[in-house]
Structures are given as structure tokens and as C-alpha cells.
Amino acid sequence: METLVNRFWKSAPKAALLLSLAAGSALQSCNKTGAGEGGGAAAGLDADAASKVYVAPGKHDELYSFLSGGFNGQVSVYGIPSGRLLKIIPVFSQFPENGYGYNEETKAMLQTSHGFIPWDDLHHPKLSRKDGMTDGRWLFVNGNNTPRVARVDLSTFETVEIMEIPNSAGNHCSPYPTNNNEYVLAGTRFSVPLDMKGGTADVSMEDYKDKFRGSISFIKVDQEKGDMELDFQVLVPGFDYDLANGGKGPSNDWVFFTTYNTEKAGTLKELGASQNDRDYLAAINWKLAAKYAAEGKAKEMPANYYHNKLDHGTHSAKSTIKKKVRYLLPEDCPGMMYLLPAPKSPHGIDVDPTGEFMVVNGKLASTLPVFSFSKMMKAIENKQFDGEKNGIPVLKYEAVLQGEVKEPGLGPLHTEFDGKGNAYSTMFVSSEVVKWSLKDLQVKDRMPVYYSPGHLMIPGGDTREPYGKYLVVMNKITKDRFLPTGPELMHSAQLIDISGDKMKMLLDFPTVAEPHYAQGIKADLIAPKSVKFFKLDENSHPQAAKKESDVSVTRKGNVVTVKMTAIRSHLTPDNIEGIQVGDTVNFHVTNLEQDWDVPHGFAVMGANNAETLIMPGATQSLKWIPKKTGVYPFYCTDFCSALHQEMQGYVRVSPKGSSVPISFSTGKKKPVPPAATASLK
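Scoring rules and cut-offs
- Residues numbered from 1 in each chain as written.
- Predicted model: local features only at pLDDT ≥ 70, side-chain atom pairs only at ≥ 80, totals over all residues.
- Heavy atoms only, no water.
- Helix = DSSP H or I, 4+ residues; strand = E, 2+ residues; numbered from the N terminus.
- Rg over C-alpha atoms; globule rule 2.2 N^0.38 Å.
- Buried < 20%, exposed > 50% of the residue type's maximum accessible area, 1.4 Å probe, protein only.
- Contact = heavy atoms within 4.5 Å.
- Pairing = 2+ DSSP bridges.
- Arc of directions from axis to C-beta.
- Polar contact = N/O pair within 3.5 Å; in protein donor to acceptor, adjacent residues only side chain to side chain.
- Axes fitted to C-alpha atoms, helices over the stretch in contact; angles between N-to-C directions.
- Domains from an automatic or database assignment.
- Salt bridge = Lys/Arg side-chain N within 4 Å of Asp/Glu carboxyl O.
- Nonpolar A, V, L, I, M, F, W, Y, C, P; charged D, E, K, R; others polar.

### Let's talk about the overall build of the protein chain
Thought 1: When you go through the protein chain residue by residue, the secondary structure sums to nine helices and 46 strands.
Thought 2: Against the 2.2 N^0.38 benchmark of 26 Å for 681 residues, the protein chain shows a C-alpha radius of gyration of 28 Å, consistent with a compact globule.
Thought 3: Each principal axis of the C-alpha atoms in the protein chain carries an extent, and together these give about 105 × 60 × 40 Å.
Thought 4: The 681 residues of the protein chain split such that 59% are buried.
Thought 5: Across the protein chain, every contact between residues at least 6 apart in sequence was considered, and the portion connecting residues at least 24 apart equals 62%.

### Thoughts on the pairing of strand S27 (residues 412-417)
Thought 1: Of all six residues making up S27, six are buried, and the element is well covered by its neighbours.
Thought 2: Note that S27 and strand S28 (residues 422-427) share four bridges and pair antiparallel. Opposite proline 412, over in S28, you have methionine 427 as the bridge partner.
Thought 3: Where S27 hands over to S28, the hairpin turn is made up of four residues, of which glycine 419 adopts a positive phi near 80 degrees.

### Some thoughts on helix H6 (residues 286-294)
Thought 1: Those residues of H6 that sit buried are Trp286, Ala289, Ala290, Tyr292 and Ala293. One side of H6 holds all its buried residues, which, seen down the axis, span an arc of 160 degrees.
Thought 2: Packing partners of the buried residues in H6 comprise strand S11 (183-187), strand S13 (212-221), strand S14 (228-237), strand S16 (254-260), strand S17 (278-285) and strand S19 (316-328).
Thought 3: In this structure asparagine 285 caps H6, since a side-chain oxygen of it lies 3.2 Å from the backbone nitrogen of lysine 287.
Thought 4: Looking one or two places after H6, you find glycine 296, whose phi comes out positive at around 95 degrees.

### Description of the pairing of strand S9 (residues 158-164)
Thought 1: Buried residues dominate S9, accounting for six of its seven residues.
Thought 2: Relative to S9, strand S8 (residues 148-153) is paired through six bridges, and the arrangement is antiparallel. Bridge pairing links arginine 151 to glutamate 161 in S9.
Thought 3: Hairpin connection, S8 to S9: the antiparallel pair is bridged by four residues, and phenylalanine 157 has positive phi, about 60 degrees.

### Let's talk about the sheet that holds strand S32 (residues 470-475)
Sheets are built from strands that pair by backbone hydrogen bonding, the pairs being arranged parallel or antiparallel.
Thought 1: Pairing is antiparallel in the open sheet, where four strands are placed in the order S31-S32-S33-S34. Looking along the sheet, the strands with just one partner apiece sit at the ends: strand S31 (453-457) and strand S34 (504-511). Taking each pair of neighbouring strands and ignoring which way they run, the sheet shows an average axis angle of 25 degrees.

### Here's the deal with the domain arrangement of the protein chain
Thought 1: Partitioning the protein chain into structural domains gives domain 1 (52-197 + 214-529) and domain 2 (541-665).
Thought 2: Between domain 1 and domain 2, the C-alpha centre-to-centre distance is 43 Å.
Thought 3: Each partner contributes residues to the interface: domain 1 has 11 residues there, and domain 2 has 12 residues.
Thought 4: At the junction of domain 1 and domain 2, the tally comes to zero salt bridges.
Thought 5: Where domain 1 meets domain 2, there are five residue pairs in polar contact (both at pLDDT 80 or more).
Thought 6: Residue composition of the side of domain 1 that touches domain 2, by class: one nonpolar, seven polar and three charged.

### Structural notes on unusual backbone geometry
Thought 1: Of the consecutive residues isoleucine 80 and proline 81, the connecting peptide bond is found in the cis state with omega at 20 degrees.
Thought 2: Tracing the backbone through its elements, the reader meets proline 81 in the loop between strand S2 (74-80) and strand S3 (85-90).
Thought 3: A cis amide bond links tyrosine 450 to the next residue, tyrosine 451, at an omega of -15 degrees.
Thought 4: Within the secondary structure layout, tyrosine 451 lies in the loop between strand S30 (443-448) and S31.
Thought 5: Even without glycine at this site, aspartate 131 takes up a positive phi of about 50 degrees.
Thought 6: As for its position among the elements, aspartate 131 is in the loop between strand S6 (122-130) and strand S7 (133-143).
Thought 7: Here the phi dihedral of asparagine 261 falls at roughly 50 degrees; this positive angle occurs in a residue that is not glycine.
Thought 8: Looking at where asparagine 261 falls in the secondary structure, it is placed in the loop between S16 and helix H5 (269-272).
Thought 9: When its relative accessible area of 0% is taken as the criterion, asparagine 261 is described as buried.

### Some words on the pattern of salt bridges
Thought 1: By the definition in use, this model includes 31 salt bridges.
Thought 2: The partner of lysine 309 in a salt bridge is aspartate 227, and the shortest N-O contact between them spans 3.2 Å. Residue lysine 309 is located in strand S18 (residues 299-311), and its partner aspartate 227 is located in the loop between S13 and S14; the two are separated by 82 residues in the primary sequence.
Thought 3: A relative accessible area of 32% places lysine 309 in the partly exposed class.
Thought 4: Note that arginine 568 is salt-bridged to aspartate 595, the shortest N-O span being 4.0 Å. Residue arginine 568 is found in the loop between strand S37 (559-567) and strand S38 (570-572), and its partner aspartate 595 is found in the loop between strand S40 (584-591) and strand S41 (600-604); the two are separated by 27 residues along the sequence.

This is how it looks when you write it as C-alpha cells:
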């Protein structure tokens, strides 16, 4: 079947084609099927789409999906098939909805060796695993700009741990858990010159080829608690490491990384990094690497990175600064790392459910190569090498190739699997999802999507047993899919039914910021374990007031500590006096509710950081420094009951040095009026 895009490949001059690919606009609107107010109905629309995505009021979705927020530093949770937004989880950014990163308990989560970073670029979510299947316990995500890996606890949907990654710049090739969460791997996108003292060296860009290196971090995961620890790093050649995926089944011990800029260009990479006909797929035997490290092969060097953890008892985060890291060099570790020639500037690497086939998505390639793991092992055994790079053997392309998918489309980026012998790849330039068979590598179906898809996700598509019913494609360009909202448009996702031979479009839904990848999991693996409220008697916050009689307001110098409680429908205390201009007032508010879905908020006029939101049973803190005398209202910001508007109070602020003593009360008894007293006699 000759398609428009394939005719384009044949007819377009190579240089023009590369420019079109770079611009990402060559065929962006070729698939538009209608005119008028919107982009028209999607091609392949299921006639029964409405009933297939309809989830009746009060009913739950079949699946959770976790979409990265890209440049907003967050994770968005959507129900599938409805596309309903269920929650936004802040990870690498402050979040005004619940005070994450603003309140005193969570500021430490965003601390790094570069200082407080309130906004980062979150790219890839990956669910934790057991025996190669998602287990619904944790979600690992990466911070791309200031290299970090975070862990989200899926019983609370809270970010509970963030680890900075040393010797890294641009943590794009991250995070990838092995099949039993033994390790989470994180590779660097930008190679940098390491000074081997915990930082980057001050060297000329002329020295790029000789002095820049990449790193792949092996983060050990506690099997019960999920706590992370940087075990060691592998310092790799100074390429750019783009994406990765772990093996399974026969390839369980291996992890595969795409690389580009093997030319080691230090400038104008859009041209300089596209000179070689082929770059590499890097294959690392992670078990052998761990064995080398355990046997003392790893060396040690100084480092300086933050490890931030949230304590469940206090609901507070603490930072630990780590000062050393172990590392391995591939050239010193035979059998640990190999390079497979791959199409120019590859992007995604995806391993099929059997663990036998590795699909490399060469975004500038006209074919989609499929490598064979068994052939790779045979090539290693027979030393079918084509030279070496930095002491790492390069395997012969023909020796490891299973075959190529011919004319798949323009700009292949990512591939997922349905567990029924089919693969699905996104074509960024030709704006389509292409279904092809792993058996004969023939294209079976195509579906236009709107527009320029990046990632796609089949729930469990990267596990042993994908849930081959739905496919979510994440599109970079929205254009006319929704009502216009000015120059800034939401990105879009589209839900596709893949249960039959032909793909059927079901649903468009806008997404928050820019999803780079997603994970999906059956709801019954998470929902039954969801925490509904925190037990008050387990609250070990040092400033918690667990009953109203425990509240207090105390002064020490110019620091005033307010231990406050919140319960429907009042704050205790709600009258505070004796505060002076310039005091540092720390409000510690404990939510006494022991019921699901009853948070309380707290805000005081003039606070510079934020308001905060306190979950039932938890304590959160807000720092306030009044700058002027007067009486300041405070109140609950989350509508919690019919008397929510009455849930308020006042703080009196007197001049600095005032003799007004500290006092506080709630519902203070007042003298009975004389007339009323007389009538009682």
C-alpha cells in the first residue's frame, strides 16, 4: 500500500526532507478530513464511540493513566476510557492547589545542590513492577533539567522522594525500573566534562570530543518501602543518551539505551549530530554491572547531591546531602556493555512482551529496524564486532538485525505492543499511528491522528502482558481540535480502540501541559489501597495539636508559634492578639477530621508564600511575617461545610515593642447583657 508519506519520501530532496522533519510540519495537516469550525471528525471514528467511552455518573473508569506534564513538572491522572482528569500530582514544581513546595513541610522536596528549584521539566513516568508486571505501588518520574528522579506513592498519590542525580545534565534517558524494581536506571542526555570532584570541569568547548562523558545511574530501590539509594554510575562515552527500556524474559538482565550525536558535535547539533549514517543502541547487562560494583570494581569520587524524603508520620520532608558516588568504566568491565548500530538519531527503544525484539525508532529513518536479542547474544558469543568505541565492542548491524519494517511512515518516534503480536508506532511528521506485525514486520493498519504525535501508550504495553484494549496517543499539536483559547493551546490526547483488527478512534481530550509519556494500569490494582485519610493518632508532626485543648500560641523572641486545629466549622484559636510587626509567625494547622474528602485550607491576609491545604489527620505549616499594624483575617480556603464561610478568625498585629500580651481564644464567653439578666430573674 503506497501512501502519501511514502510518495513524499521518494520524491522529496533529502535536504528538504530533513528540514521538514526538523520543523515537524511537513505533513502536519495532511490528514485533516473536514472543514468548518473544527478539524472535522477523526478518520476511523468508531460509530459506537460515545457508548464505549461513556462512564455513567457515579461509576468508575476501568483504568488509571498517568501522563507526564512535561514543562509543568507535574503528573496528570486521567481515567480511561472517559478521559476525565482525576488528579494533578505535583512533583518538580510548586503547586498552588495544595501548597506543595510552598508550605514549610514540603519545601525541602525541591531543594537541590543548585538551591531551591521551584519548576522543572518532567518527562517520563514509569510504574513499579513485580515479575515484569506493573504492581501499582509506586510511580517513578524524572526531572529533566536539573537531573532528578522522584517516587510517587500510589496509596496517597503524593510525591514522597526526590533524588538529585550527580554527574548528569539533562536527565532525559530516565527513569527505567528493572522487572522487580531492583534498580531504577537514569541516563544523561547532555554529556558534560566531569571534574571527578563532584562537578563539571571548566574546559574549552574545543575539548568536547576528548573530555565530555555521559553517565548512567543505578538507583537501588528498597523492595518493601521503595526508598531509593544511588548505588553506582557507569561513565559512558560522550554521546547524547535519549531513551531506554529494559528487557524481559530472555533479555531480563539487559537494559537498552538509544544514543545520538555519536559524532560528538558541540554546536549546531541539528546538523552536526546527523552526519553519521548510524548512531548506536547501547546494551548494558545491568546484573553484570551490579556484580562488578559489588565485587569492588567500582571506584569512588566526590559528589554533591540532595536526597529529599517525605516522612509519613510528620508529613514533612527532610534533605540529606550526599558527598560521594561510586562509578564503573565500561572499558574496565568486559561483557557489560555493547553498541548496536542504529538508524540515524534514534529516539524511542521499545522491547516487545516476549523480550526477544528491540524496536529502534529512528526519527530520521525511512525504515523501522527490529533487533533480535538472541541474535545479539550469538553475535557477542561469536565476536561479530565492527570495531569499538571507547573500549566498547560495536556489533555488526546485519548480525543483530531481525528485519526492518519498510515504509512505516515519516518520523517514527515510539512503539508500544498489544500482547497479540502487534506493534504500534507513532509517526511524528506524517501524524499517524501505524500498526504492524512482529511476525512478518508488515504494516497492517494506519490511523491519522491530530496532530504530530509524540508518545503513545498501551496500558501495560511495556510489560510481559499488555492490556491490549486501548491506545492513548499524545499529540504535540492541537490546532483546531478544541475551541480556540488564544495563542496558547492545550495539548491533546486521543483514545483509540485496538481490540479489533482495525484501529477505531474513540475520543479526544485535552491534556495539561505537554505529556512526553504515560503509563496505564487497571484501576483495581490501585483503588482498593488508596488512603482515605491520615490517622490522627499516627500524626507525629512535632507541632501537631491533636485536640482543641492542645492549641497554643507562644512567643520566643520575635518568633511566634501558633498550634491551631481545624474542624467543621471553626478554627481554634480564632482570635489571636499580641503579634507584633516584623514577627515571624508560624501557623501549624492540624486537620482534626477523620473522614474522607474533608480537607481544610488556611490563608491569612498578606502572607507572601501561599495558602495551604491540609488533609484529614495531617498538619501543615504556613509562615507569615506581618509588615503593618492592624487586624488581619484568616480563614479556611476549601469549602468544607454549609458553614464554611463562618470558618474564619482574626489576628491583631500591634507595633513592634508593644506591651499587648500574647492571648488567644475561640468562642470566648461574653458577659450576659443586663436586660437579659433581669429577664431571667
